[in-house]
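Letter by letter, the chains look like this.
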Amino acid sequence: MTFIVLLGWFSAAYAQTITIEGRVLDASNRQPVPFAGVGIVGKSVGTVANEQGRFVLKLGQQYASEVLIFNCMGFESYQIPVKAALQSGPLEIRLNVNAIRLQEVVVKPINPTEIIYRAVALIPENYDRNPGIIEGFYRESVKEAQTNQYFAFSEGVIQLYKSGIDTNVPDQARMIKGRKKELPTAIVTAQHDTCPIPRITNGPYLGYFLDVVRARDFPLYDPEAYTFEYEGVQSMGTVLLYKISFQNKPVARRSFNQRSGAYKGTLYIETESLAVVKADYELSAEALRQYQMQYPGIRLNRRKYIINYTPFEGKWYLHDARVSNDFQYEYYAWPKGARPKKAPKNIEVGVGLSNRMAFVTTHINNRNVQQFATDEILRIDASFTEQTMNFEDDFWKDFNIIEEEEN
């Protein structure tokens, strides 16, 4: 199979910036490939395509002689020199599905739980023991599902100080640049009930909370609380990955620290190094019920997570993290003051809301790293919107961001 690159595009709007944009498509059906990784071979600079496959990558002039690479789970990787990408209009990258030839995969009995234990034991080898700083772009939004109207939208560039993988030093976050749209903070339902927009986002520390190889409440660190099933082999470019699904055990059989939060989903683990490369998971039905008890009036129907890691200089680093929340605000059917004293409240489902959060690493610095100054560090419970500023023309200039979706 071959990849087809139809066009390329260059902009010199900013003297020191090369800008490459385009779309990533499935070669078999011309459909978008969501969240494909876009970067420079062997370098720490990059971004990710949006859900519609659209991307914009901004590079310094020092990368003009380098090679672009496009990666996505289940597809063959594609590479093209930056110079070739700058010769004509927008890029259209068509990725071929990576058909794994089974005769090339060693067939032997696989014990998924054993793989999990081994993967955890090798975390200090596969991830950096030294501190590093990752710079990334973050976006969060809340909108009404039925009308597609936004009620919250903010985005920014943040830096995360990541301590060594086997230390107990906490991560830190600081804001580089941010902005938010001035939007309503509440929804008025057809029953004239006011629904406040819930503050459920992780904000600047999303790249900290969702770094699953460090998160002690994740199944990797409590395998006795979960059942694991081997689902075969998946590919990412030339890398083969074990696909292992997991699901929480009943409460009585789970460990103490997992009683209030349980997950189900899939882990992708490199067959050679046993590095965790991807986690695709969601809250279990039990965990959703726990949320309902904690936040009455908000019915969380689904919370889904997707985390990806990328190799750089022999180690794996957090590449991108996404969270999607689908929930509903519940209101009382009785008009205010009209419910008889002993009548049931008769809760009905009201407004459907959709919350999306996304983080992508755009640069990694693992040289001579220092912790942030005390006055720069954001509180771990900080709301992202509290840190951001107003929208302006050309706000991002030469920053790499995730392209906005087209409604």
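This one's a predicted model, so the numbers in the text were calculated from it and none came from an experiment.

### Here's the deal with the pairing of strand S3 (residues 37-40)
Every second residue of S3 is oriented toward a common face, with Gly37 and Gly39 on one face and Val38 and Ile40 on the other, all of them buried. Across 3 bridges, the pairing between S3 and strand S4 (residues 46-48) is antiparallel. When the sheet's bridge partners are listed, Val38 is paired in S4 with Thr47. Hairpin connection, S3 to S4: the antiparallel pair is bridged by 5 residues, and Gly42 has positive phi, about 75 degrees. Bridge count between S3 and strand S6 (residues 67-71): 4 bridges; the pairing is antiparallel. Bridge pairing in S6 links Gly39 to Ile69.

### Focus on the packing of aromatic side chains
This model, assessed by the stated rule, comprises 17 aromatic pairs. Judged by centre distance (5.3 Å) and plane angle (85 degrees), the ring pair of Tyr263 and Tyr281 falls under edge-to-face. Of the two residues, Tyr263 sits in strand S16 (residues 263-270) while Tyr281 sits in strand S17 (residues 276-283), which places them 18 residues apart along the sequence. When its relative accessible area of 4% is taken as the criterion, Tyr281 is described as buried. What links up through ring pairs into an aromatic cluster is the set Phe218, Tyr226, Phe228, Phe246, Tyr263, Tyr281 and Tyr305. Geometry around Phe35 places Arg322 over its ring, the cationic atom sitting 3.5 Å from the centre.

### Side note on the side chain of Asp171
Relative to the helices and strands, Asp171 resides in the loop between strand S10 (150-162) and strand S11 (172-180). Separated by 2.9 Å, the side chains of Asp171 and Lys162 make a polar contact. At a separation of 3.3 Å, a polar atom in the side chain of Asp171 contacts the main-chain amide nitrogen of Ser163.

### Overview of the sheet that holds S4
The strand order across the open sheet built from 4 strands is S4-S3-S6-S7, with neighbouring strands paired in antiparallel fashion. Since the sheet does not close on itself, it has two edges, and those belong to S4 and strand S7 (78-81), each with one partner. In this sheet, adjacent strand axes meet at a mean angle of 15 degrees when their direction is disregarded.

### Examining the side chain of Ser354
Relative to the elements of secondary structure, Ser354 occurs in strand S20 (residues 347-365). Exposure remark for Ser354: the relative accessible area of 9% places this residue in the buried category. Here Arg356 takes part through its side chain, which lies 3.0 Å from a polar atom of the side chain of Ser354. The residues contacting Ser354, other than those within four sequence positions of it, are Ser141, Val142, Lys143, Asn325 and Asp326.

### Topic: unusual backbone geometry
Phi is positive for Glu313, which is not a glycine, with a value near 50 degrees. Positive phi values are uncommon outside glycine, yet Asn368 reaches one of about 50 degrees. Position of Asn368 among the secondary structure elements: in the loop between S20 and helix H6 (384-387).

### Here's the deal with helix H2 (residues 112-121)
Within the span of H2, buried status applies to Pro112, Ile115, Ile116 and Ala119. Summarising the axial view, the buried residues of H2 lie within an arc of 100 degrees, below the 170-degree limit, and thus occupy one face. Residues of H2 that are buried in the fold lie against helix H3 (123-126), strand S14 (226-236), strand S15 (239-248) and S16. The N-cap residue of H2 is Asn111: its side-chain oxygen and the backbone nitrogen of Thr113 are 3.1 Å apart.

### Describing the nonpolar core
Tyr127, Phe218, Leu267, Ile269, Tyr281 and Ile307 are the most contacted members of the largest nonpolar core, which has 62 residues in total. What Tyr281 contacts, discounting residues up to four positions off in sequence, is Leu210, Val212, Phe218, Phe246, Tyr263, Lys264, Gly265, Arg303, Lys304, Tyr305 and Ile307. The next biggest cluster of nonpolar side chains, apart from the first, holds 25 residues, and it includes Ile20, Ile40, Leu57 and Tyr63.

### Considerations on the pattern of salt bridges
Taken as a whole and judged by the stated rule, the model has 16 salt bridges. In this structure, Glu125 and Arg129 form a salt bridge, with 2.9 Å as the shortest nitrogen-oxygen distance. What makes Glu125 partly exposed here is its relative accessible area of 43%. One salt bridge in this structure joins Lys304 and Asp280, with 2.5 Å as the shortest N-O distance. With Lys304 in strand S18 (residues 298-312) and Asp280 in strand S17, the pair connects residues that are 24 residues apart, well separated along the chain. Overall, the relative accessible area of 19% leaves Asp280 in the buried class.

### What about the confidence of the model for the protein chain?
Scored by pLDDT, the protein chain has a mean of 80; 75% of the residues are at 70 or more. pLDDT under 50 marks residues 1-15. Its contacts with residues more than four places away, or in other chains, come to 49 contacts.

Rules used in this analysis
- Each residue is numbered by its place in its chain's sequence as written, counting from 1.
- With pLDDT at 70 or above as the cut-off, local features in this predicted model cover only qualifying residues; side-chain atom pairs require 80 or more to be listed or tallied, and sums for whole chains, interfaces and linings still use all residues.
- Excluded from the side-chain calculations are hydrogens and water; all other atoms, namely the structure's heavy atoms, are used.
- A 1.4 Å probe rolled over the protein chains alone gives each residue an accessible area, and that area as a share of the maximum for its type sets the label: buried under 20%, exposed over 50%, partly exposed in between.
- Strands here mean DSSP runs of E at least two residues long; helices mean DSSP runs of H or I at least four residues long; both are numbered from the N terminus.
- Strand pairing is assigned whenever DSSP detects at least two bridges linking the two strands.
- Any two rings among Phe, Tyr and Trp, with Trp reduced to its six-membered ring, count as a pair given centres within 6.5 Å; such a pair is stacked if its planes are under 30 degrees apart, edge-to-face if over 60, and tilted if neither.
- Here, over-ring charges are defined by two tests on the NZ atom of lysine or the CZ atom of arginine: distance to the ring centre within 6 Å, and angle to the ring normal within 35 degrees.
- What qualifies as a polar contact is a pair of N or O atoms within 3.5 Å, subject to a donor-acceptor requirement within protein and to the restriction that residues adjacent in sequence count only when both atoms come from side chains.
- What counts as an axis is a line fitted to C-alpha atoms, over the stretch in contact for a helix, and the angles between N-to-C directions run from 0 to 180 degrees.
- Residue contacts are defined here by distance: any two heavy atoms, one from each residue, within 4.5 Å place the two residues in contact.
- This arc is built from the directions going out from the helix axis to the C-beta atoms.
- As used in this record, nonpolar core signifies buried Ala, Val, Leu, Ile, Met, Phe, Trp, Tyr and Cys residues forming a set joined through side-chain atoms within 4.5 Å.
- By convention in these notes, a salt bridge is any Lys or Arg side-chain nitrogen within 4 Å of a carboxyl oxygen on Asp or Glu.
- Confidence per residue, as judged by the predictor, is encoded in pLDDT with a range of 0 to 100.

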